[in-house]
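# Descriptive analysis of the structure
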Amino acid sequence: MNISFRNESLPDKVFTILNALFITLLFLSVLYPIIYIVSASFSDSQAVVSGEVWLWPVRPNLEGYTAVFQYGQVWTGFKNSLIYTVVGTAINIVMTVLAAYPLSRKDFFGKNFFMIAFMFTTMFTGGLIPNFLLVRELGMIDSVWAMVIPSALTVWNVIIARTYFQMSIPDELLEAAQLDGCNDFQFVWKIVVRLSGPILAVITLYYAAANWNQYFNAMIYLKSQSMYPLQLVLKDILVKNDVDVAMLSGDPLDAAKREALKTLLKFSLIVLSTIPLLLFYPFVQKYLVKGVMIGSLKG
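Every chain is numbered independently, its residues counted from 1 as its sequence is written. For this predicted model, a pLDDT threshold of at least 70 governs which residues receive local features, and a threshold of 80 or more governs which side-chain atom pairs are given and counted, while totals over whole chains, interfaces and linings are taken from all residues. In computing side-chain values, all of the structure's heavy atoms are included and hydrogens and water are not.

Under an unreviewed UniProt entry, the protein chain has the name Carbohydrate ABC transporter permease and belongs to Cohnella hongkongensis. UniProt positions are given in the numbering used here, feature names are shortened, and annotations may be inferred rather than shown by experiment. In UniProt, the protein chain has this text filed under Sequence similarities (unreviewed entry): "Belongs to the binding-protein-dependent transport system permease family." Quoted verbatim from the Subcellular location (unreviewed entry) field of the UniProt record, the comment on the protein chain reads "Cell membrane".

Below, the structure is given as structure tokens:
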């Protein structure tokens with residue numbers, strides 16, 4: 001950390017030092033749990049249970065990851081989460097663009113009314129029971145649609161996408177396209193979408209992370225374990241300690257070792273559940289700051 005005290009008064013220097021110390025402590029408080037989980041996932045199961053792991057892996061091995069790959073429910077959850085994330089994010093992006101673009105047009109009649117209606121939903125909702133009854137009456141219980149339709153749109157993402165369109169898509173471009181016979185749908189698909197890479201990358205990351213980490217809707221709307229996403233499988237393992245020991249490798253007579261393996265499975269599964277987002281982030285990182293800044297400069 002490079003701290004410069006040039007031309008600073010004593011109170012400013014004290015503030016800078018205290019601020020740097022606070023940020024460092026905050027950073028370490030966030031970093032240590034991550035290091036511990038990764039280290040525990042590569043450690044011996046008995047070392048994890050006995051509390052020998054503090055910072056680095058103890059007797060490193062891949063026992064935990066082997067157990068994860070042999071645990072069938074994990075693969076089912078991973079497949080389901082991938083489906084929900086891909087389908088849900090695609091629906092999210094389409095709905096967000098279709099909502100944000102008209103709201104960005106100066107000639108859209110009633111846009112203030114619709115904007116207020118969108119904002120109203122951020123402050124007031126029907127509640128859990130009416131939402132559940134609605135999903136049930138629509139016949140979406142225990143289906144993919146129960147995971148992607150109720151969360152098809154986020155108002156915050158609509159606002160930043162609308163602002164980006166207002167600031168980045170000039171009216172002259174629309175007029176030129178209309179002179180060439182381009183209708184609104186063609187303009188959105190051929191011009192707006194292709195000029196909005198930064199903001200689309202940002203909201204894609206937001207939506208993908210939300211869909212991948214979603215478990216509450218799954219808890220409410222899904223009944224079959226075959227439909228559970230990975231996060232709900234992880235929740236059952238972490239909170240309920242619900243692990244089918246018959247699906248884990250090891251000596252069936254060694255109960256202590258199998259219980260230790262169940263604990264190790266939790267750490268390994270936490271690491272594996274975060275890998276898809278970590279792999280996805282570098283592809284949109286260069287657009288993230290630009291898209292967020294442009295999308296939030298003007299409301």
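Before going further, it helps to examine the environment of Ala177. Where helices and strands are cited, they refer to DSSP runs of H or I of at least four residues and of E of at least two residues respectively, numbered from the N terminus. Turning to its location among the elements, Ala177 is positioned in helix H9 (residues 171-179). Given a relative accessible area of 7%, Ala177 falls into the buried group. In this structure, the C-alpha to C-alpha distance between Ala177 and Ile191, residues 14 residues apart in sequence, is 8.9 Å. Among all residues touching Ala177, those that are not within four sequence positions of it are Cys182, Phe187 and Ile191. Per-residue accessibility, obtained with a 1.4 Å probe over protein chains only, is compared with the maximum for each type, and a residue is labelled buried under 20%, exposed over 50%, and partly exposed between these values. Two residues qualify as a contact provided that any one of their heavy atoms is within 4.5 Å of a heavy atom in the partner residue.

Positive phi outside glycine occurs at Arg59, with the angle close to 50 degrees. With respect to the helices, strands and loops of the structure, Arg59 is situated in the loop between helix H2 (45-49) and helix H3 (63-70). In this model, Asp142 sits at a positive phi of 60 degrees, which is unusual for a non-glycine residue. Tracing the backbone shows Asp142 in the loop between helix H6 (128-137) and helix H7 (145-148). Residue classification places Asp142 among the partly exposed positions, given a relative accessible area of 24%.

To continue, consider the packing of helix H8 (residues 155-168) against helix H11 (residues 197-213). Where H8 contacts H11, the two axes come as close as 10 Å, and the packing angle between them is 175 degrees. Between H8 and H11, the interaxial angle falls into the category roughly antiparallel. Facing Trp156, Asn157, Ile160, Ala161 and Tyr164 of H8, the residues of H11 in contact are Pro198, Ile199, Ile203, Tyr206 and Tyr207. We call Asp, Glu, Lys and Arg charged. Ala, Val, Leu, Ile, Met, Phe, Trp, Tyr, Cys and Pro are nonpolar, and the rest, Gly among them, are polar. When the residues that make up the contact of H8 with H11 are grouped by side-chain class, the tally is 9 nonpolar, 1 polar and no charged. Axis lines are fitted through C-alpha atoms, for helices just across the contact stretch, and the angle between N-to-C directions can take any value from 0 to 180 degrees. Angles below 35 degrees are treated as roughly parallel, those above 145 as roughly antiparallel, those between 65 and 115 as roughly perpendicular, and all remaining angles as oblique.

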